[in-house]
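Survey of secondary and tertiary structure
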Amino acid sequence: MRTARIVGFCGNSWRPAKSRVLVEAVAADLRDKHGLETDVLDLVDAGTGLAAFTRIGLDGPASAVVDAIEQADGLVIGCPVFQGSYPGLFKHVFDLIEPRSLRNRPVLLTAVGGGLRHSLVVEHQLRPLFGFFEACTVSTAIYASSGDVQIDQPFAPAITERIANAVEQFAMMLDGRRANAA
């Protein structure tokens, strides 16, 4: 059986970014507990070529990001919260995705926002977005306030527990999908 292609995609237009830190923590758990490697990409990786209105207009780096998302066996999504929702360029990437390409793919959702008032972005913005694609979002999502995520600092125990639980759910979904494909 081939190695699963797991892609982390963060809606960041800069680095370092706290939502990427959260996705990298999930990727580390996937690697350490399940031997799954995750390729983490950001909007930064797509570059300015992402501004195209259609897939045909994408340049090489932007096309590579969109292709990686479509070809992934599973996704770990990292989203910074802006004005109560996901960033527009983050959504634009998914406007370019072929709708059936994510069908039945496991998706683990994470977001980092300014405070607790943004915590429902995962449930009211991200989960419906991936529902449109008929992707299988894991039931445990991970939300952290900006103050809870510091580069090179450990997470609070509650966030670490959510990461561990979400990673287990993701791995089980991925294993089930791969078993059904075999």
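It should be noted that the structure appears before, not after, this text.
This write-up is about the structure you can find in this document. Position numbers for residues start from 1 in each chain and track the written sequence from start to end. Restriction of local features to residues with pLDDT of at least 70 applies here, the model being predicted, together with a cutoff of 80 or more for giving and counting side-chain atom pairs; totals for whole chains, interfaces and linings are based on all residues. Hydrogens and water molecules were not included; the side-chain quantities draw on all heavy atoms of the structure.

A look at helix α1 (residues 18–34)
Across its 17 residues, α1 extends 24 Å between first and last C-alpha, which sits within 8% of the 24 Å expected from 1.5 Å per residue. By the burial criterion, the buried members of α1 are Ser19, Arg20, Val21, Leu22, Val23, Ala25, Val26, Ala27, Asp29 and Leu30. Helix and strand definitions follow DSSP, with helices as H or I runs of at least four residues and strands as E runs of at least two, each counted in order from the N terminus. The positive-phi residue at the C-terminal boundary of α1 is Gly35, with phi of around 65°. Expected span, for any helix, means 1.5 Å times one less than how many residues it has. Buried residues are those whose accessible area, probed at 1.4 Å on protein chains only, stays under 20% of the maximum for their type, while exposed residues exceed 50% and partly exposed ones sit between those limits.

Points about the pattern of salt bridges
A side-chain nitrogen of Lys or Arg and a carboxyl oxygen of Asp or Glu constitute a salt bridge if their distance falls within 4 Å. Considering all chains together, one arrives at 12 salt bridges under this definition. Between Glu70 and Arg55 there is a salt bridge, with its nearest N and O atoms 2.6 Å apart. With Glu70 in helix α3 (residues 60–71) and Arg55 in the loop between α2 (43–46) and α3, the pair connects residues that are 15 residues apart, well separated along the chain. Among the ionic pairs, Arg103 bridges to Glu134, the shortest N-O distance being 3.0 Å. Placement of the pair is Arg103 in the loop between α4 (88–95) and β4 (106–113) and Glu134 in the loop between α5 (121–132) and β5 (136–137), with a sequence separation of 31 residues. Each of Arg15, Arg20, Glu24, Asp42 and Asp45 takes part in salt bridges that share partners, so that together they form one network.

Remarks on helix α6 (residues 157–181)
Between its first and last C-alpha, α6 extends 36 Å over 25 residues, near the 36 Å set by a 1.5 Å rise per residue. Buried within α6 we find Ile159, Ile163, Ala166, Val167, Gln169, Phe170, Ala171 and Leu174. Residues count as neighbours in contact if any of their non-hydrogen atoms are within 4.5 Å of one another. On its buried face, α6 sits against β1 (6–10), α1, β3 (74–80), β4 and β6 (142–145).

A word on the packing of α4 against α5
A fitted line through C-alpha atoms represents every axis, and for helices the fit uses only the stretch in contact; the resulting angles, taken between N-to-C directions, go from 0 to 180 degrees. Axis separation between α4 and α5 bottoms out at 12 Å; the angle between their running directions is 10°. On the basis of their axis angle, the class for α4 and α5 is roughly parallel. On α5, the residues that touch Phe90, Lys91 and Phe94 of α4 are Leu126, Leu129 and Phe130. Among the residues making up the contact of α4 with α5, the classes are represented as 5 nonpolar, no polar and 1 charged. Orientation categories follow fixed angle ranges, with anything under 35 degrees roughly parallel, anything over 145 roughly antiparallel, 65 to 115 roughly perpendicular, and all other angles oblique. Polar here means any residue other than Ala, Val, Leu, Ile, Met, Phe, Trp, Tyr, Cys and Pro, which are nonpolar, and Asp, Glu, Lys and Arg, which are charged; Gly is therefore polar.

Some details on the environment of Glu168
Following the sequence through the fold, Glu168 ends up in helix α6. By relative accessible area, which is 32% here, Glu168 ends up partly exposed. Leaving out residues up to four positions away in the same chain, Glu168 has contacts with Lys33 and His34. A polar contact is formed between the side chain of Glu168 and the side chain of His34, at a distance of 2.9 Å. Two N or O atoms count as a polar contact when they lie within 3.5 Å, although within protein this holds only if one can serve as hydrogen donor and the other as acceptor, and sequence-adjacent residues are included solely when both atoms are side-chain atoms.

Things to note about the pairing of β4
Along any regular strand the residues' side chains alternate between the sheet's two faces. Where burial is concerned, most of β4 is hidden: 8 out of the 8 residues are buried. Because side chains alternate across β4, one face comprises the buried residues Pro106, Leu108, Thr110 and Val112, and the other comprises Val107, Leu109, Ala111 and Gly113, equally buried. Here, a strand pair is defined by DSSP locating no fewer than two bridges between the strands. Looking at chain direction, β3 and β4 are connected through 6 bridges and run parallel. By the bridge assignment for β4, Gly78 is matched with Thr110. When the strands point away from the viewer and the path from the first strand over the helix to the second turns clockwise, the crossover is right-handed. Remark: the β3/α4/β4 crossover connection has right-handed handedness. Pairing between β4 and β6: 4 bridges, direction parallel. Paired with Thr110 across the bridge in β6 is Ile142.

Functional significance is not addressed by these values, which are geometric in nature.
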